[in-house]
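Structure assessment
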Amino acid sequence: PPGCIQIPALDAHFFSSVRHHASTLSSLNRGDAIEIQGSAGSGKSHLLYHLLITCLIPILHSGVELGGWGKAAILFDADDTFDILRLRQLMVSRIARTLTGQASTAPPLSDTTVRSAEEVADPCLHNLHIFKPTSSLQLAASILHLPAYHAKHMQDSEIGLVVIDSLSAFYWLDRYSAEQARTSARSSTRPSASPLSYVLLALQHLRLSHGPVIAYSNWGLQPVSTTQSYGQNQGVSLYKQHLHPLQSPFLDPSNDTFGPSSGTTTPTLPLTHHITLPFVPIPPFPPDISLADARDQEEKYRRQIIDKGEIMAIARTVGSPLSSKFIFTISKETDPASERPGA
């Protein structure tokens, strides 16, 4: 089994929502598929950064448990937004604070501590393999070729995590191609399959052959308000599934409410966990506000929200009625999933 994600509230949810775990030390099982859905700027990529760091860093270093998996990771940067320098910064900060036992809110780390962490982090980055597909079909072909790539270039490494950021990157291109095919004469005799179906089929083949944890981000385009309470948050906006043939096992089509759905067909890639990042926008200024009042609100209220960088997330597991809330923070130097105390 791979291990834990190292977000206490999320690991606790996984342990309580899944009946069988291969190990009491691992909240995830081999072959688990995790979908992270949210609107633009909601923190999806930084949560994926945390998963990549967890997979890449060692389990132990100098007798100190780092909480990593010590395995290789594959990243498909479909959005072309991946920042390797940001990943390294977060990895060094996480390793340094773990080795010294400092919390993310502690004073800045010393140069000696940072250099020691860099000596641990840099070799880990050699186990990160990045691909930049430019279409859904290229993404599917790259995934299908991964076993051969692994046998040739990664003989001494186990693939612990496969990340796609994001699975929606080619949504509009695929939709345009589908509309073009639908209006052509050939589409009436032989309908073409969705390009995403090839991606899901390739992921399922890799899941069965190599057993990595699969994590992908997905846009939140169609919000659905729910009256379910998550802590102090009422009416949190979740999202419908807009990617076909990707299915949402939580949406009951009969009444448009969230919960375990029945009568749905088995998806090509079975989903295990789903994480929703509801976007909480900052209210706009009223039209009659003065410049002085706007500046005052900016300093006292709006700037504090941005600097705080707190993001609430909702975790759900297929086949379980449980839903859990966890909060993580994104700051300049700390681990993106450093959990807020008490969250």
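Structural notes, computed from the coordinates. Everything quoted here is computed from the prediction, not taken from an experiment.

Criteria and cut-off values
Residues numbered from 1 in each chain as written. Predicted model: local features only at pLDDT ≥ 70, side-chain atom pairs only at ≥ 80, totals over all residues. Heavy atoms only, no water. Phe/Tyr/Trp six-rings, centres within 6.5 Å; stacked < 30°, edge-to-face > 60°. Helix = DSSP H or I, 4+ residues; strand = E, 2+ residues; numbered from the N terminus. Buried < 20%, exposed > 50% of the residue type's maximum accessible area, 1.4 Å probe, protein only. Axes fitted to C-alpha atoms, helices over the stretch in contact; angles between N-to-C directions. Parallel < 35°, antiparallel > 145°, perpendicular 65-115°, else oblique. Left-handed = near helix turned anticlockwise from the far one by under 90°. Contact = heavy atoms within 4.5 Å. Salt bridge = Lys/Arg side-chain N within 4 Å of Asp/Glu carboxyl O. Nonpolar A, V, L, I, M, F, W, Y, C, P; charged D, E, K, R; others polar. Patch = residues over 30% accessible without salt bridge, like charges linked within 9 Å, V, L, I, M, F, W, Y side chains within 5 Å. Areas by Shrake-Rupley, 256 points an atom, 1.4 Å probe, with all protein chains shown as cover.

Enumeration according to the criterion identifies five aromatic pairs in this entry. The interplanar angle of 85° and the centroid separation of 5.5 Å between the aromatic rings of Tyr49 and Phe82 together place this pair among those described as edge-to-face. With a gap of 33 residues between them, Tyr49 in helix α2 (residues 44-56) and Phe82 in the loop between β4 (72-76) and α3 (84-100) connect regions that are remote in the sequence. Here Tyr49 and Phe82 have matching classes, each one buried.

Another aspect to go through is the packing of helix α5 (residues 136-153) against helix α7 (residues 195-210). Taken N-terminus to C-terminus, the directions of α5 and α7 make an angle of 15°; their axes are 7 Å apart at the nearest point. Between α5 and α7, the interaxial angle falls into the category roughly parallel. Note on packing geometry: the crossing formed by α5 with α7 is left-handed. For the pair α5 and α7, contact is made by Ser136, Leu137, Leu139, Ala140, Ile143, Leu144, Leu146, Pro147 and His150 and by Pro195, Tyr198, Val199, Ala202, Leu203, His205, Leu206 and His210, respectively.

Think of it this way: side chains of opposite charge can pair up when their charged atoms draw near. By the definition in use, this model includes six salt bridges. Of the charged contacts, one joins Asp77 and Lys132 as a salt bridge, the two residues approaching to 2.6 Å between their closest N and O atoms. Here the residue Asp77 occupies a position in the loop between β4 and α3, and Lys132 occupies one in the loop between β5 (128-131) and α5, the gap between them amounting to 55 residues. Look at Asp77 and you get buried, because its relative accessible area is 2%. Judged by relative accessible area, Lys132 falls into the partly exposed class, the value being 46%.

Following Asp165, the chain continues to Ser166 via a peptide bond in cis, the omega torsion being 0°. In this structure, Ser166 sits in the loop between β6 (159-164) and α6 (171-183). Omega for the bond connecting His244 with Pro245 falls within 30 degrees of zero, at 15°, which places this linkage in the cis form. The backbone of Ser62 sits at a positive phi, close to 55°, despite the residue not being glycine. Note that Ser62 resides in the loop between β2 (60-61) and β3 (64-65).

Moving on, we come to the environment of Ala73. The topology assignment puts Ala73 in strand β4. When the C-alpha positions of Ala73 and Asn127 are compared, they lie 6.3 Å apart, and in sequence the two are 54 residues distant. In this structure Ala73 touches Leu52, Cys55, Leu56, Asn127, Leu128, His129 and Leu161, once residues within four positions along its chain are discounted.

With that settled, consider the packing of α2 against α3. At a closest axis distance of 10 Å, the pairing of α2 and α3 adopts a crossing angle of 60°. Here α2 lies oblique to α3, going by the angle between them. Note that α2 runs across α3; the crossing there is right-handed. Two secondary-structure elements touch here, α2 through His46, Tyr49, His50, Leu52, Ile53, Thr54 and Leu56 and α3 through Arg86, Leu87, Leu90, Met91 and Arg94. Taken together, the residues of the contact of α2 with α3 break down into seven nonpolar, three polar and two charged.

Another point: a nonpolar patch on the surface. On the surface, Ile84, Leu85 and Ile130 cluster together into a nonpolar patch covering about 270 Å² of accessible area. Its place among the elements puts Ile84 in helix α3.

Just geometry here; none of it tells us what the structure is for.
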